[in-house]
Amino acid sequence: MECRHGNFWIGLGIGSILGAVAYRLSRTAKAKQLESDIYNAIHRIGRDAEIAAAEAERKAMNLGLKAVETGAKVADKVAEEADKVVGKAKDKWEK
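Treat the numbers as computed from the prediction; the structure is a model and nothing was measured.

Q: Is there a simple way to think about the overall build of the chain in this case?
A: When helices and strands are counted, the chain shows two helices and zero strands. Taking 95 residues into account, the globule formula puts the C-alpha radius of gyration at 12 Å, and the chain, at 37 Å, lies well above it. Overall, the chain is about 120 × 40 × 10 Å in size when its C-alpha atoms are taken along their principal axes. Relative to its full complement of 95 residues, the chain shows a buried share of 0%. Placing the 17 positive and 14 negative side-chain charges of the chain at their respective mean positions leaves the two points 6 Å apart.

Here you go:
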């Protein structure tokens, strides 16, 4: 039993020392610069994503408007052709 408790305290001591060293290394100027670079990169990516989403939305709206305009033009042409066919059918029917 004594050995198991001793191993616990040795592990706790080594873990504490390693934790303190890791904390100390993470607070160096290089680590702070890396943290700042990562923070800036994340914000840049977020900003770029917002811009891309807005651009995609604008393009989709433009495509939707073009589709409506194209659909209206096609419908007008179909209606014109239908009127011509109806006119020809009336002429044939009346003869």
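Q: Would you mind going over the packing of aromatic side chains with me for this structure?
A: Two aromatic rings are characterised by how far apart their centres lie and by the angle between their planes. In total, this model carries one aromatic pair according to the counting rule given. Consider the rings of Phe 8 and Trp 9, whose centres lie 5.2 Å apart with planes at 75°: the pair is edge-to-face. With relative accessibility at 48%, the residue Phe 8 sits in the partly exposed group.

Q: Teacher, can you tell me more about the pattern of salt bridges here?
A: Evaluation of the coordinates by the stated rule reveals one salt bridge. Where Glu 55 meets Arg 58, a salt bridge forms, and the shortest distance between an N and an O atom there is 2.5 Å. With Glu 55 and Arg 58 both in helix H2 (residues 29-94) and three residues apart, the pair spans about one turn of that helix. Judged by relative accessible area, which is 43%, Arg 58 ranks as partly exposed.

Q: Honestly, the domain arrangement of the chain in this entry has me stumped. Any pointers?
A: Many authors give the size of an interface as the accessible area that is lost as the parts come together. According to the domain assignment, the chain consists of domain 1 (1-45) and domain 2 (53-94). Between the C-alpha centres of domain 1 and domain 2 the distance comes to 67 Å.

Q: Which parts of the structure should I look at to understand a nonpolar patch on the surface?
A: Where nonpolar side chains cluster on the molecular surface, the patch consists of Phe 8, Trp 9 and Leu 12 and spans about 360 Å² of accessible area. In this structure, Phe 8 sits in helix H1 (residues 2-26).

Q: What is the right way to look at the environment of Thr 28 in this model?
A: Within the element layout of this structure, Thr 28 appears in the loop between H1 and H2. A polar atom in the side chain of Thr 28 sits 3.1 Å from the backbone oxygen of Leu 25.

Thresholds applied
- Residues numbered from 1 in each chain as written.
- Predicted model: local features only at pLDDT ≥ 70, side-chain atom pairs only at ≥ 80, totals over all residues.
- Heavy atoms only, no water.
- Helix = DSSP H or I, 4+ residues; strand = E, 2+ residues; numbered from the N terminus.
- Rg over C-alpha atoms; globule rule 2.2 N^0.38 Å.
- Buried < 20%, exposed > 50% of the residue type's maximum accessible area, 1.4 Å probe, protein only.
- Lys, Arg positive; Asp, Glu negative; His and termini not counted.
- Charge placed at Lys NZ, Arg CZ, Asp CG, Glu CD.
- Phe/Tyr/Trp six-rings, centres within 6.5 Å; stacked < 30°, edge-to-face > 60°.
- Salt bridge = Lys/Arg side-chain N within 4 Å of Asp/Glu carboxyl O.
- Domains from an automatic or database assignment.
- Patch = residues over 30% accessible without salt bridge, like charges linked within 9 Å, V, L, I, M, F, W, Y side chains within 5 Å.
- Areas by Shrake-Rupley, 256 points an atom, 1.4 Å probe, with all protein chains shown as cover.
- Polar contact = N/O pair within 3.5 Å; in protein donor to acceptor, adjacent residues only side chain to side chain.

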